[in-house]
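So the chains spell out like this:
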Amino acid sequence: MIIYALVARGSLVLAEFTNVDGDFPTVARKLIAKSAKSKLKKTMLRENYAFTYFNEDEFTFLCMTESTFSRETTSKFLDALANAFYSEYDQGNSEAKGKSLATHFTGVIKKLMVAIA
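Residues numbered from 1 in each chain as written. Predicted model: local features only at pLDDT ≥ 70, side-chain atom pairs only at ≥ 80, totals over all residues. Heavy atoms only, no water.

Novice: Help me out: how do you make sense of the overall build of the chain in this one?
Specialist: Check the secondary structure of the chain and you find 3 helices and 5 strands. Over its C-alpha atoms the chain spans a radius of gyration of 13 Å, differing by no more than 12% from the 13 Å that the globule rule assigns to 117 residues. Overall, the chain is about 35 × 30 × 25 Å in size when its C-alpha atoms are taken along their principal axes. The burial tally for the chain puts 41% of its 117 residues in the buried class. Taking as baseline every contact in the chain between residues at least 6 positions apart, the subset at least 24 positions apart corresponds to 49%. When the accessible area of the chain is evaluated, it comes to approximately 6,400 Å², of which 51% is carbon and sulfur surface. Side chains of the chain carry 15 positive and 13 negative charges; the gap between the two charge centres is 2 Å. (Helix = DSSP H or I, 4+ residues; strand = E, 2+ residues; numbered from the N terminus. Rg over C-alpha atoms; globule rule 2.2 N^0.38 Å. Buried < 20%, exposed > 50% of the residue type's maximum accessible area, 1.4 Å probe, protein only. Contact = heavy atoms within 4.5 Å. Areas by Shrake-Rupley, 256 points an atom, 1.4 Å probe, with all protein chains shown as cover. Lys, Arg positive; Asp, Glu negative; His and termini not counted. Charge placed at Lys NZ, Arg CZ, Asp CG, Glu CD.)

Written out as structure tokens, the structure reads:
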């Protein structure tokens, strides 16, 4: 199950969603701030959870799953997340949309998480 997901520009989180309590938003922010930028998907394990992410242009797409969750499904989810983001928001306009982006795209993340479950 996808537990948490986010889209960030640099270290600024543009949109995120979870329906579970935990410190993983903090862990995810630290991870994206420290990670080397790469188009290759990378996974960091922490306790029983896997944080999988990749970067494209200046954006980071990240999700957190249980460590036993399918890597293939995680990869498909991240691809769907990036595709949804790019199809809805032109890179030049995404920063200008600010709060409306966070509000709207949080709902998109939730729908993608439900669809993949």
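Novice: Sorry if this is basic, but what is going on with the sheet that holds strand β3 (residues 42-46) here?
Specialist: Backbone-to-backbone hydrogen bonds pair the strands of a sheet. The strands run either parallel or antiparallel. Reading across the sheet, the 5 strands line up as β2-β1-β5-β4-β3 and stay open at both edges, with antiparallel pairing between neighbours. Each edge of the open sheet carries a strand with a single partner, namely β2 (12-18) and β3. Between one strand axis and the next, the sheet turns by 20° as a mean value, whatever way the strands run. The pairing of strand β1 (residues 2-9) with strand β5 (residues 59-66) spans 7 bridges and is antiparallel. (Pairing = 2+ DSSP bridges. Axes fitted to C-alpha atoms, helices over the stretch in contact; angles between N-to-C directions.)

Novice: Sorry, what's going on with the side chain of Thr65 here?
Specialist: Checked against the element boundaries, Thr65 lands in strand β5. Judged by its relative accessible area of 0%, Thr65 falls in the buried class. With residues up to four places along the chain from it excluded, the contact list for Thr65 reads Met1, Ile2, Ile3, Asn48, Tyr49, Ala50 and Thr74.

Novice: Help me understand the pattern of salt bridges, please; the structure alone is not making it clear to me.
Specialist: For side chains of opposite charge, pairing can occur when their charged atoms come near one another. The full count for this structure, using the stated rule, is 5 salt bridges. One salt bridge in this structure joins Arg46 and Asp23, with 3.3 Å as the shortest N-O distance. Linking Arg46 in strand β3 with Asp23 in the loop between β2 and α1 (24-34), this pair joins segments that are 23 residues apart in sequence. Linking Glu72 and Lys76 is a salt bridge whose minimum nitrogen-to-oxygen distance equals 3.2 Å. (Salt bridge = Lys/Arg side-chain N within 4 Å of Asp/Glu carboxyl O.)

Novice: Which parts of the structure should I look at to understand the packing of aromatic side chains?
Specialist: This model, assessed by the stated rule, comprises 8 aromatic pairs. Taken together, a centroid distance of 6.0 Å and an interplanar angle of 85° make the contact between Phe59 and Tyr86 edge-to-face. Here Phe59 is found in strand β5, whereas its partner Tyr86 is found in helix α2 (residues 71-88), with 27 residues between them in sequence. Residue class for Phe59 comes out buried when judged on its relative accessible area of 0%. Ring centres of Phe85 and Tyr86 lie 5.7 Å apart, and the angle between their planes is 75°; this geometry places the pair in the edge-to-face category. Cluster of aromatic residues (ring-pair linked, three or more members): Phe54, Phe59, Phe61, Phe85, Tyr86 and Phe105. We note Lys41 situated over the ring of Phe54; from NZ or CZ to the ring centre the distance is 5.0 Å. (Phe/Tyr/Trp six-rings, centres within 6.5 Å; stacked < 30°, edge-to-face > 60°. Lys NZ or Arg CZ within 6 Å of the ring centre and 35° of its normal.)

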